[in-house]
Amino acid sequence: MITDIFSVKGKTAFLTGAAAGLGRAMAEALGENGAILWLYDRDSGALEATAKALRGQGAKVTTVLGDVTDAAALTQAIADLVAAEGRLDICITNAGISDASPSLLHDVQDADWTRVIDVNLNGVFLTCRAALGHMVAQGHGKVITVASMWGLAAPAGAFPRPAYAASKGAVVNLTREMALHYADKGIQINALCPGIFQTETRPRDPTAAIAYTPMGRLGRPREIKGATLFLASSASDFMTGQTLVIDGGVLAR
Ligand SMILES: NC(=O)c1ccc[n+]([C@@H]2O[C@H](COP(=O)([O-])OP(=O)(O)OC[C@H]3O[C@@H](n4cnc5c(N)ncnc54)[C@H](O)[C@@H]3O)[C@@H](O)[C@H]2O)c1
């Protein structure tokens, strides 16, 4: 069956920021299709609630409470996954935050800039570094970085967020660089670039975002599931170093 190429049944997946929003939808996509999930998030309440819901749907789920800026915790979590499950097939670096508020560059505060870069860029580096050693040793793996359409174009015309734009642009090019490092090692690394989705935390006021999106609506978290399955499964085996944009038409302008 053609759908077999999208199978993730029995595959092990590590996802950061998986307690809520797009990360939760990605975990659902993999869990509903038989993957073994390890969910890493800093929000214990949301993490356990998500794990409970996924287990209720029959998924095998392990939770790890931690922050993606904590290199030791990430490395340990992924080592624990490999020790328990035997291998790491899929790694999704989804945890991310936005600038505290829209602002022009000369108004950006040091702490805000540093925190966004730390979570959105350093967090991706730390997660990938921890995952890729295992993937090289086993000779296969799928890494999905979660960037943004604002990693491919600047958001200022609509939503000025300089730290976010810088971090997501860096994730896109880090994805390309990593893809070339591991292209001949059985590992595919691609970036998902969502447009504006409605999640629990954002956008707080969706009116401008809806008007900005050619489809006249925001993305629904479940609409990230198909692309997640594609990039996590053998359906994408000859694809690496690419960006997959899901944005309701914004970047087509
Ligand atoms: N929602 C959108 O419109 C949109 C658009 C483009 C890109 N993205 C990207 O998608 C990803 C998910 O976004 P979302 O809207 O679902 O966010 P969200 O705020 O709804 O959920 C983020 C999850 O990540 C966790 N998290 C945040 N910082 C963390 C950290 N330092 N360590 C561990 N966990 C952490 C949170 O606890 C939460 O569970 C982010 O990388 C974001 O930049 C989102």
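Below you will find a few notes about this structure. Because the structure is predicted, anything quoted here is derived from the model rather than measured. (Residues numbered from 1 in each chain as written. Predicted model: local features only at pLDDT ≥ 70, side-chain atom pairs only at ≥ 80, totals over all residues.)

## Here we look at the overall build of the protein chain
- Scanning the protein chain from terminus to terminus reveals seven helices and seven strands.
- When its helices and strands are written in sequence order, the protein chain yields β-α-β-α-β-α-β-α-β-α-β-α-α-β.
- In terms of C-alpha radius of gyration, the protein chain reaches 17 Å, essentially the compact-globule figure of 18 Å for 253 residues.
- Taken along the three principal axes of its C-alpha coordinates, the protein chain extends 50 × 40 × 40 Å.
- Counting over 253 residues, the protein chain shows a buried share of 45%.
- Looking at the protein chain alone, contacts between residues at least 24 apart form 73% of all its contacts between residues at least 6 apart. (Helix = DSSP H or I, 4+ residues; strand = E, 2+ residues; numbered from the N terminus. Rg over C-alpha atoms; globule rule 2.2 N^0.38 Å. Buried ≥ 20, exposed ≤ 12 C-beta atoms within 10 Å, placed from the backbone. Contact = placed C-beta atoms within 7 Å.)

## Describing the sheet that holds strand 2 (residues 36-41)
- Across the sheet, which stays open at both edges, the seven strands sit in the order 3-2-1-4-5-6-7 with parallel pairing between neighbours. Only two strands of the sheet have a single partner each, and these edge strands are strand 3 (60-65) and strand 7 (243-246). Strand-to-strand twist across the sheet, computed as the mean angle between neighbouring axes with direction ignored, equals 15°.
- Pairing of strand 6 (residues 187-194) with strand 7 involves four bridges; the strand directions are parallel. Bridge assignment links Pro 194 to a residue of strand 7, and that residue is Ile 246.
- Contacts from helix 3 (residues 71-85) reach strand 1 (12-16), strand 2 and strand 3 within the one sheet, and its direction differs from that of strand 1 by about 165°.
- Lying over the sheet, helix 7 (residues 225-232) contacts strand 1, strand 4 (90-93), strand 5 (141-146), strand 6 and strand 7, oriented at roughly 145° with respect to strand 5. (Pairing = 2+ DSSP bridges. Axes fitted to C-alpha atoms, helices over the stretch in contact; angles between N-to-C directions.)

## A word on the nonpolar core
- Ranked by internal contacts, the top residues of the largest apolar core, which has 70 residues, are Ala 13, Leu 37 and Leu 39.
- Beyond its immediate chain neighbours, meaning those up to four positions away, Ala 13 contacts Leu 30, Ala 35, Ile 36, Leu 37, Trp 38, Asp 89, Ile 90, Ile 92 and Ala 232. (Core = buried A, V, L, I, M, F, W, Y, C linked by C-beta atoms within 7 Å.)

## Re helix 2 (residues 44-56)
- With 13 residues, helix 2 should cover 18 Å at 1.5 Å per step; its first-to-last C-alpha distance of 18 Å lies within 8% of that length.
- Turning to helix 2, its buried residues number three or more, namely Leu 47, Thr 50, Ala 51 and Leu 54. The buried residues of helix 2 occupy an angular sector of 100° when the element is viewed end-on, so they sit on one face. For helix 2, the exposed residues lying more than 90 degrees away from the buried face are Gly 45, Lys 52 and Gly 56. (Expected span 1.5 Å × (residues − 1). Arc of directions from axis to C-beta.)

## Describing the site of the ligand
- The immediate surroundings of the ligand are formed by 29 residues, with Gly 17, Ala 20, Gly 21, Leu 22 and Gly 96 found nearest.
- Mapped by element, the contributors of at least two residues to the shell around the ligand are helix 1 (21-31) and helix 4 (110-138).
- Looking at which element gives the most residues to the shell around the ligand, the answer is helix 1, with three residues. (Near = placed C-beta within 6 Å.)

## Here's the deal with helix 3
- A rise of 1.5 Å per residue sets the reference length of helix 3, with its 15 residues, at 21 Å; its end C-alpha atoms lie 21 Å apart and thus fit the reference within 8%.
- Buried residues along helix 3 sit in contact with strand 1, strand 2, strand 3 and helix 4.
- In the segment just after helix 3, Gly 86 is the residue with positive phi, at about 95°.

## Structural notes on the pairing of strand 3
- Pairing of strand 2 with strand 3, which is carried by six bridges, proceeds in the parallel orientation. Considered in strand 3, the bridge of Tyr 40 is made with Val 64.
- As a crossover connection, the stretch from strand 2 through helix 2 into strand 3 is right-handed. (Right-handed = clockwise from strand over helix to strand, strands pointing away.)

## Focus on the environment of Ala 156
- Along the polypeptide, Ala 156 turns up in the loop between strand 5 and helix 5 (162-182).
- Its 14 C-beta neighbours within 10 Å are what place Ala 156 among the partly exposed residues.
- Separated by 54 residues in sequence, Ala 156 and Pro 102 have C-alpha atoms that sit 8.9 Å apart.

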